[in-house]
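# Understanding the architecture of this molecule
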Amino acid sequence: MNNLVRAALAAAMATLCAGACWADTIKVGVIAEFSGPFAIYGKQYKEAIETYVAQHGSQSGGHDIEFIYKDVGGANPDLAKTLAQELLIRDRVNYLAGLTFTPNALALAPLIEQSETPTVIFNAATSAINKQSPYFLRTSYTLWQVSTPLADWAYDQGIHTVVTAVSDYGPGIDAENAFKAAFEKKGGKVIDTIRMPLATTDFTPFIQRVRSQAPNGVFAFLPGGPPTFGFTKSYNENGLAKEGIRFLGTAETEESNLQALGDAAIGLTTAFHYSEAHDSDVNAAFTKKLGELSAGAVANWASVGAYDGTHLIYKMVEAAGADGPKAIEAVKSLKWESPRGPVEMDPKTRTLIQNVYIRDVERDKDSGRLVNREKGVIATVGDLGWTD
Amino acid sequence: MSLILNIAVDGIAYGMILFMISIGLSVTMGLMRVINLAHGAFALLGGAAAHALIARAGLSFMAAALLAIMATMAIAFLLERLVYRRIYGLGELQQVLATIGITFIFIALVNRLLGSSLLAIPLPDFLQQSVDLGFRVLPAHRLAVILAGAVVIAGLYLTIERSRFGTRLRAAVDNRSIASALGINIDAVFAATFCLGAGLAALGGILGAELLPIDAYYPLRYMVLFLIVVSVGGMGSITGSFMAALALGILETASRYLIPDFGTIVFFAAVMAVLAIRPRGLLGKA
Amino acid sequence: MSVQEIPLTTIRTRIRGVPLMPEAVMLALAVIAYFLFPYDLALLTRIMVMMLFVLSLDLVLGYAGIATLGHAALYGTGAYAAGLFAVHVSADPVTGLVVGAAAGAALALVSGLLLMRAHGLTLLMLSIAVTLICQEIANKARDLTGGADGLRGIRMEPVLGLFKFDFVGRTGFWYALAVLCVCYAVLKVVTLSPIGLSVRGIKDSAARMVAIGSPVYRRLVTIYTIGGAVAGVAGALAAQVTQLVSLEVYAFNLSAEALIMLILGGAGRLHGAIIGTLIFMVVHHIAASVDPFNWLFIIGALVLGIVFFVPAGMLGIPAALRNLTGRNGDARP
């Protein structure tokens, strides 16, 4: 083995482990989608990070913080791992962040375990990820976290029979299991569980099947974009609302596609952790700054996940510089006021304990835009999908 | 009984949407024999233009749709003169590559101009209503699509099977040099047909947007769907595409009513079976 | 495709002059790259995995003329087979590759029996349908494959019991390079063997080969099965290096990109696949870090440029230039 290379690698590894001693710039590698069908997520992460930096400066605890963005283009664990290696070895980053899709996050687990790099997940919502390494922290939510309170709330509202209709893939099935377990525990009845192929473009058959069973409500989970668009359109056109079949969802009315749904979305009920219309000073400051920096930007789960993730990184840098284990220790039970409301890190699951709000889609009188209007907090919970 | 009626109604309505979104491809690929993977790109152009004209310029749906289709045809005309003319004579693989290249460029263009979120095309009020069929309701826009499909297939039948233009086109596709020797202006015939195909793609993109919403990635997301309709129908046959669209629409709808869990596998297995038994499609010509 | 003949003959004469010259140069470059880019071993390894995949496509498409857009089906099946094998049976990497190869070959054989009867658009569609069915099965078999979350828990033992997979990716690099060399050699032998020559004949004119009594269908199925084995190895290698398999191994994009890489380098020559993959992956890597979304503009223009100006791929550039400057020949077919 070439001695020169060995020396260079040793230097690289040394920075990873104890860079704080002499480095005054802390680097954060952000692995996200900046191309492909999900490019909007990367854009939103970046906008939110820049908003945070604009509000709080580019320094924390005396260290400069620099963000390096890498495009992973979608669910692509091979590339995600390669990019993480490049960031850790060549760019010598001290923190990793981003990660929209579960496989991308999972692929990083063995790496960050070895390099002791705190990694803040902005989205990837499968409970099991955080079990793969103690260096994962998550500022999004898990499907259990929002589906379970929704089931409880729905039962209390007098919705006693429900049909679940979810996209037939991991997250959809998680949502179905979470909802069903909680709803039946309450005493409600899930009449039918429909799993819709991901490639579905015409949802009429599924909507008709829901309709023919005349439940009090339909719990839906679909990936964002075209499937959600098609499902909510179909729900509306086939007059389910008129027949008293209440729509119960989670992320379906998220802000980046909400305007595209049009008036058909009005009245849809969802349980979720963040609404752009959340009424608080922190959120007002966040959305205002976001709008100033990038014209036409909307705030949604991706923005708030990245914003809070950046906050977490700032706090870690402040407390521990580049010392990974110490940094995790420092923020494991951190509490702060997020644009989504008060939040708290759960030391066991390293996922946020946060409010779950029940919201209805309304047209805002002032702006004329569709918004998720929060009607109340239905639970303050951590990751309910965690199993020991 | 009501199940069968539901399957029939939804299947035909969905089949008509499949027909509308893939008819442009039947023209460019089926009649002109270009493996035109950029079909979705023209649908995207039409849809994105309609979105921009309605949402940003405030035009009515009808005016915007008409303008968007014309704009798409104009771009298609330029593209035909500059690029497609050179593609006709290439091997199928080269055609696949060249049209994928064009698709990439259009995706990047739309993303650059309008971003990568959904581009809604709001329908006029009269298309947003529901129509009561007695045993159930059907959205008005699906009836409109069925109507548009009927008009398009009648129009194409008259243009291609019955008119002088159609005779020339078929002659030009079958044998360029002889057709040219007979005094047929091949360039003009091909340019006109290509623009027709692109215009139909834009129309399909706009009318189908309620089910297949427009966004920058539209051409790649639905490419396989378009190709299936045309290949099952058979190259060179408008009627074949029509029948294939209806059959696939009914098949998919039935599988979703009856065996939703295995709908996707059943659908593709059926497509494979048809292509294995009839490699040239239902009504394909040699 | 008369153009392809030009460089082919030049290469043949070159090979006669100095045996395996291109191969020796490529191997030397790979070793040099290891020392020049010590921080990018993960990327280099990924490039080699892709090279292997594109090589297999070259055998199937470049040599035998089987136009497929579903090559990812073979890659993905190899990846899942190797991944499952590592999780449930044995974590020995080399055995895992053999399992991946067997899985890829098995799928190629079974699907090939149907696919090799079709041509043109029908073949393209059938190959896409096979891939989508595989993906849906992997999605459905969630308990086994992890579905959309990915198949996790792959922990590899040291290669040959000696070399542990390390953080920087040194073992991964040499391991991938060794596998690539072995597969390249196998493919070289296959292409020069009677069956390799006969599928070339089938590509030029199937009717002629039937007339001289060659069992065309059986030959195509055989070649497709060999291609499947190599694609399976590529998938298995990716699964072992990443230690995770996701549904994206069956992505249509993967098949399409491999096709672009192959044509970019020059189909019908093994080192064309190597060069095309290298150029595509490096340009992508640079473009993706500079301006990710506009990368589509670049790749779109690149593809159009290749189709219109250098249909024989990068390897055809010297010939195209000669045509342009010297003889007043036609560069296009």
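About the thresholds
- Residues numbered from 1 in each chain as written.
- Chains lettered and ligands numbered in written order.
- Predicted model: local features only at pLDDT ≥ 70, side-chain atom pairs only at ≥ 80, totals over all residues.
- UniProt positions renumbered as here; feature names shortened; annotations may be inferred.
- Helix = DSSP H or I, 4+ residues; strand = E, 2+ residues; numbered from the N terminus.
- Contact = placed C-beta atoms within 7 Å.
- Nonpolar A, V, L, I, M, F, W, Y, C, P; charged D, E, K, R; others polar.
- Pairing = 2+ DSSP bridges.
- Right-handed = clockwise from strand over helix to strand, strands pointing away.
- Domains from an automatic or database assignment.
- Core = buried A, V, L, I, M, F, W, Y, C linked by C-beta atoms within 7 Å.
- Buried ≥ 20, exposed ≤ 12 C-beta atoms within 10 Å, placed from the backbone.

Now for the UniProt feature "transmembrane region" (unreviewed entry) in chain C. If you check UniProt for "transmembrane region" (unreviewed entry), the listed places come out as residues 20–37, 43–66, 97–116, 173–199, 220–239, 259–283 and 295–317 of chain C in our numbering. Strand forms 0% of residues 20–37 of chain C and helix 89%; the C-alpha atoms that close the span are 26 Å apart.

For the rest of this paragraph, the subject is the UniProt feature "domain: Leucine-binding protein" (unreviewed entry) in chain A. Mapped onto the present numbering, the UniProt feature "domain: Leucine-binding protein" (unreviewed entry) falls on residues 25–364 of chain A. Split by type, residues 25–364 of chain A is 43% helix and 23% strand. Its first and last C-alpha atoms lie 44 Å apart.

Opposite the 26 residues of chain B that make contact, chain A presents 27 residues. Those elements that provide at least two residues to the side of chain B that touches chain A are helix H1 (2–31), strand E2 (137–139), helix H12 (238–258) and helix H13 (263–277) of chain B. When grouped by side-chain class, the residues that make up the side of chain B that touches chain A number 12 nonpolar, 8 polar and 6 charged.

All right, on to the interface of chain A and chain C then. Many structure descriptions define interface size as the accessible area lost when the parts assemble. Taken together, the contact between chain A and chain C spans 31 residues of the former and 29 residues of the latter. Those elements that provide at least two residues to the side of chain A that touches chain C are helix H1 (3–18), strand E3 (63–71), helix H3 (77–89), helix H4 (102–115) and helix H6 (170–186) of chain A. Residue composition of the side of chain A that touches chain C, grouped by class: 15 nonpolar, 10 polar and 6 charged.

On to the pairing of strand E10 (residues 246–249) of chain A, then. Residue and element names in this part refer to chain A. The pairing of strand E9 (residues 217–221) with E10 spans 3 bridges and is classified as parallel. Across the sheet, Gly217 pairs through a bridge with Arg246, a residue of E10. In this region the chain leaves E9, passes through helix H8 (residues 226–237) and returns to the parallel neighbour E10; the handedness of that crossover is right-handed. Looking at chain direction, E10 and strand E11 (residues 269–272) are connected through 2 bridges and run parallel. Residue pairing for E11: Leu248 is matched across the bridge by Thr269. For the crossover that starts at E10, traverses helix H9 (residues 255–261) and ends in the parallel E11, the hand is right-handed.

Turning our eyes to something else, we now look at the pairing of strand E14 (residues 352–363) of chain A. Residues and elements named next belong to chain A. In the sheet, E11 pairs with E14 via 4 bridges, with the strands oriented antiparallel. Bridge assignment links Thr270 to a residue of E14, and that residue is Arg359. Judged from the 10 bridges that link them, E14 and strand E15 (residues 370–381) form a sheet pairing that is antiparallel. Of the residues in E15, the one forming a bridge with Glu362 is Val371.

A word on the domain arrangement of chain A. Residue and element names in this part refer to chain A. As assigned here, chain A comprises domain 1 (3–141 + 279–350) and domain 2 (143–272 + 356–381). Relative to domain 2, the C-alpha centre of domain 1 lies at a distance of 30 Å. Each side of the interface is counted separately: domain 1 has 10 residues, and domain 2 has 11 residues. Partitioning the side of domain 1 that touches domain 2 into residue classes produces 6 nonpolar, 4 polar and no charged.

With that settled, the discussion passes to the nonpolar core. Among the nonpolar cores identified, the biggest contains 346 residues, and Val218 of chain A together with Leu52, Leu55, Val230, Val233 and Leu237 of chain C are the most heavily contacted of them. Tallying contributions element by element places helix H3 (residues 41–63) of chain C first for this core, with 18 residues. Looking at this core, you find at least three residues from each of domain 1 (3–141 + 279–350) and domain 2 (143–272 + 356–381) of chain A.

All names here are of chain C. Of note, Ala319 is situated in helix H15 (residues 317–325). Ala319 sits in the partly exposed class, given 19 other C-beta atoms within 10 Å. As for Ala319 and Leu20, which are separated by 299 residues in sequence, their C-alpha atoms are 20 Å apart.

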